[in-house]
Amino acid sequence: MILAGGKIYETSEQPRLLDSLAGEISRTRQTLSLDPEKVINAADKLGKRAAAGEFSGMISEFLPDFPQEYLRLAGEYLNGESLRFRLKQELGEYPAACRTIAPPYGLESAEVRLLPLGTLFHIAAGNMDGLPAFSVLEGLLTGNVNTLKLPQADNGITVEILRRLIEIEPEISPFVYVFDTPSTDVPAMKRMAEVSDGIVVWGGDEAVRAVRALAPPGAKLIEWGHKLGFAYISGYEDKPAELSALAKHIIDTRQLLCSSCQTIFIDAEDMEEIRAFCREFLPYLEAAAHEAPVNDIGAAAEITLRKYSARLEEHIGAEKSGREEFRGERCSLTACPDSRLELSYMYGSCLVKPLPREQIVTALRECAGNLQTVGLLCRRESRGELTDILAAAGVNRIMRAGNMSVSFCGEAHDGEYPLRRYVRVVNVEK
Amino acid sequence: MSYIGRLFRMKDPFDLTGSERLFLNAVRENCGFQYQNCPEYRKILDGEGFHPDMLREYSDIERLPFIPTLFLKKHRMYSMPQRKMLIRATSSGTSGAFSDIGFEAGGLLCGLNMVLTIARRWRLLSPIPCNYVVMGYRRHKSSNAAAAKTAYGYTLFAPALSRTYALKYSDGKFSPDIDGVINAIVRHSRSRFPLRFIGFPSYTYFVMKLMEERGISVKLPKRSLIMLGGGWKQFYKQQADKQEFYALAKRVLGISEDCIIEAYGAVEHPILYCDCKNHHFHVPVYSRVVIRDVHTLKPVPNGTPGLVNLVTPMIKATPILSVMTDDLGIMHDGAECGCGINSPYFEIIGRVGLHDIKTCAAGASELLSAAVSGGEVQK
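As the structure is a prediction and not an experimental result, all values here were calculated from the model.

*Asks:* Quick one: what's the story with the nonpolar core, residue by residue and with numbers?
*Replies:* Considering soluble globular proteins, one finds that nonpolar side chains tend to be buried as a cluster. One finds Val 27, Val 133, Met 135, Ile 226, Met 227 and Val 289 of chain B to be the most contacted residues of the largest nonpolar core, which totals 111 residues. No other element matches helix H12 (residues 297-316) of chain A, which puts 7 residues into this core. In this structure, Val 133 of chain B is in contact with Thr 164, Val 181, Ala 184, Ile 185, Leu 195 and Phe 197 of chain B, ignoring residues within four places of it in sequence. Of all hydrophobic cores here, the second largest spans 63 residues; its members include Leu 78, Leu 87, Ile 161 and Tyr 177 of chain A.

Okay, structure coming up:
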């Protein structure tokens, strides 16, 4: 299904629609502009209607496993007040920001305008339901024309969300094109890239590499890559509460999110301390796993097999990694002697490693590009110092144990304000 | 004769109870051989705290450490020098990695005895020549793919008048020739001799669906057969309901359900499982199937889904005595089937994996890497 100019087309019409894409986009950009306030109002209405349960039927059709929690989060995200707050937080006064400045030398006065980047091409991985639509919404808020290539795993919900948005505010229609092009259709993706000023790519290193290969030289690449979250423990304020919260976070997110805890670093050098922590924390993890068991047996089996294979590899390997697994019911902890941030096996299987605070920056240096969230557990008096060290190491979100995956309105994304990446600064001589 | 040889010469291929002692001895014989001759296998058993001498009771077979097929794809392990391996076969390797299994003469002889016993029982052996349509690819010198070898093997059960292949090899890659297949079907439907289809269920389904859309239906000659193998696994999501498959075969090809035989097997476990008239895979004397808990890997009772662990002492050249597949299955009591075979049967219900899981930490980016490599069917 294709969405272009507010209308739905069959996939088979893609060649014809691609032929006219460049012309239509130029026409839109020459004659029209999009008022963010109109986008905000439309999103607000859509969010309110969703919260009122208007789309429940549609959601259960497209997304049978959709957690109700998401609906609440989507409602908060789409809320007019939060969108206006975000816009202000990220861009200041926009788009009215037509400031006149008097530089110290050169021109006497110049005008500074914050304008849309132009045309954005969004390539979204299917890592979260509805994410492609939110990516487009950010493009619309900043006044851009948006072309979206749907992820293969999309189940129709994205087109439906955007179609409803256009229904509420028809002026949005010339600013949205959605194609269900398969990723194998490189020529079609190249054509979409060619008409774009910015390419927004969500995904891992491989996705980013693939997109770089098809991007025209002039296009700005806006990459939202995969990140690894971790916890850092150096004492506690309230040990049982904090360990329970961390365990609940690990189990509830299935460790699938960028902000999920994969590795737990302990401010210690001695492996015996690491093993002692594993023994102490395992019951917390088991309790959380008992509360929210993984029901997908295919995923559970995959993880179990990977762990088993790793064990066999250890047997035949010439070198021993020195890892020791502490197996609990439906969860596990692995004590590792190294201090590298690493992806766990997920689904309740965390790695535990020593990392004395003096070595934090050095140890995290090698994965600086993948850093995002830390859940910091420490004594009250150390929080300030450890926060500074972790920030210096390149971590962008420093949260409490249980809130690693909690987001708030106006927060930066991987250390940046997304909307700022979708606009450009234009200087005009007065 | 060795225990292994005797096991594969058993008259009744489904006398599981009667074969228990012999099976245990054959497993111990094979396990001892692997332990002596394959250093990696020995390390694995040592690491898991197991020794071939610990195979004392029949139930000890479940305690034998198993090797995941995933592991075999990453690590080549052999218990014999290359020159003793008559055949090397590779798995299809949809994800790029594949296992490479060596077969020695003794094991192949066992396999031959098994295939003849099973094929006779299923009345697949026939002196009447027939035309074959293979919904896969032709054997090719440059490829060791087992799927092609197995498909070719099936075309030996009855003398071949012709063989038509759905996947054609040219310029270093395979591409489908669906029209060629449909033409062959129409042509052979007028022949006096039966037609036998061999191949993946998904491709066969696709061709029949296409024929129906084009309004082509034929009545295939008497004794025609559809032999399905290679599993539904890659197409698990679109898995055509089996009943719909049978109904479609009846409408489009005039073939009734009892002439559709499905086989299950893998390069890493070369046992031929043919479905009974109720379409169940009963376990033959040559192997044992253990379903294991997806969390603890402990055996689960019949009726509970889990990972499918397959055990056979057939091959000595490669340590595939006990392998863990990527399949999820359920074991049932033989009596529940009612086809007359009393050995338990298993059902494949899916595959392990995080396919539908939208993970961001692990990087759900395969989609785009496919974009770079292109979409053709690669060799």
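*Asks:* So what's going on with the domain arrangement of chain A? Which residues, and what values?
*Replies:* Looking at the assigned domains, one finds that chain A contains domain 1 (2-225 + 414-429) and domain 2 (228-403). Using only C-alpha atoms to locate each centre, domain 1 of chain A and domain 2 of chain A end up separated by 35 Å.

*Asks:* Can you explain the sheet that holds strand S17 (residues 423-429) of chain A? Please cite residues and give values.
*Replies:* Residues and elements named next belong to chain A. Spatial strand order, S3-S4-S17: 3 strands in an open sheet with antiparallel pairing. The strands lining the two open edges of the sheet, one partner per strand, are strand S3 (98-101) and S17. The sheet shows a mean angle of 30 degrees between the axes of neighbouring strands, taken without regard to direction. Judged from the 4 bridges that link them, S3 and strand S4 (residues 110-116) form a sheet pairing that is antiparallel.

*Asks:* Tell me about the environment of Lys 307 of chain A, and please be specific about residues and values.
*Replies:* Mapped onto the secondary structure, Lys 307 of chain A falls in helix H12. Through-space distance from the C-alpha of Lys 307 of chain A to that of Glu 325 of chain A is 9.6 Å; in sequence the pair is 18 residues apart.

*Asks:* Could you give me a rundown of the packing of helix H7 (residues 178-189) of chain B against helix H8 (residues 201-213) of chain B, with the residues and numbers involved?
*Replies:* Residue and element names in this part refer to chain B. Running from amino to carboxyl end, H7 crosses H8 at an angle of 75 degrees, the nearest separation of the two axes being 11 Å. The angle between the axes of H7 and H8 places the two elements in the roughly perpendicular class. On H8, the residues that touch Ile 178, Val 181 and Ile 182 of H7 are Val 207, Leu 210 and Met 211. Here the residues of the contact of H7 with H8 are counted per class, giving 6 nonpolar, no polar and no charged.

Procedures and definitions
- Numbering of residues begins from 1 in every chain and follows the order in which that chain's sequence is written.
- Chain letters start at A and ligand numbers start at 1, both assigned in the order the entries are written.
- Totals for whole chains, interfaces and linings use every residue, but because this is a predicted model, local features are given only for residues with pLDDT of at least 70 and side-chain atom pairs only at 80 or more, for both listing and counting.
- Joining buried Ala, Val, Leu, Ile, Met, Phe, Trp, Tyr and Cys residues through C-beta atoms within 7 Å gives a set, and that set is a nonpolar core.
- Each residue is classified by how many other C-beta atoms fall within 10 Å of its C-beta atom, where C-beta atoms are placed from the backbone; a count of 20 or more means buried, 12 or fewer means exposed, and values in between mean partly exposed.
- The helix count covers DSSP runs of H or I at least four residues long, the strand count covers runs of E at least two residues long, and both are numbered beginning at the N terminus.
- C-beta atoms are first placed from the backbone for all residues, and any pair lying within 7 Å is then listed as a contact.
- Domains are outlined according to an automatic or database domain assignment.
- When DSSP finds two or more bridges between a pair of strands, those strands are recorded as paired.
- What counts as an axis is a line fitted to C-alpha atoms, over the stretch in contact for a helix, and the angles between N-to-C directions run from 0 to 180 degrees.
- These descriptions rest on fixed angle ranges, namely under 35 degrees for roughly parallel, over 145 for roughly antiparallel, 65 to 115 for roughly perpendicular, and the rest for oblique.
- In this classification, Asp, Glu, Lys and Arg are treated as charged, Ala, Val, Leu, Ile, Met, Phe, Trp, Tyr, Cys and Pro as nonpolar, and every other residue, Gly included, as polar.

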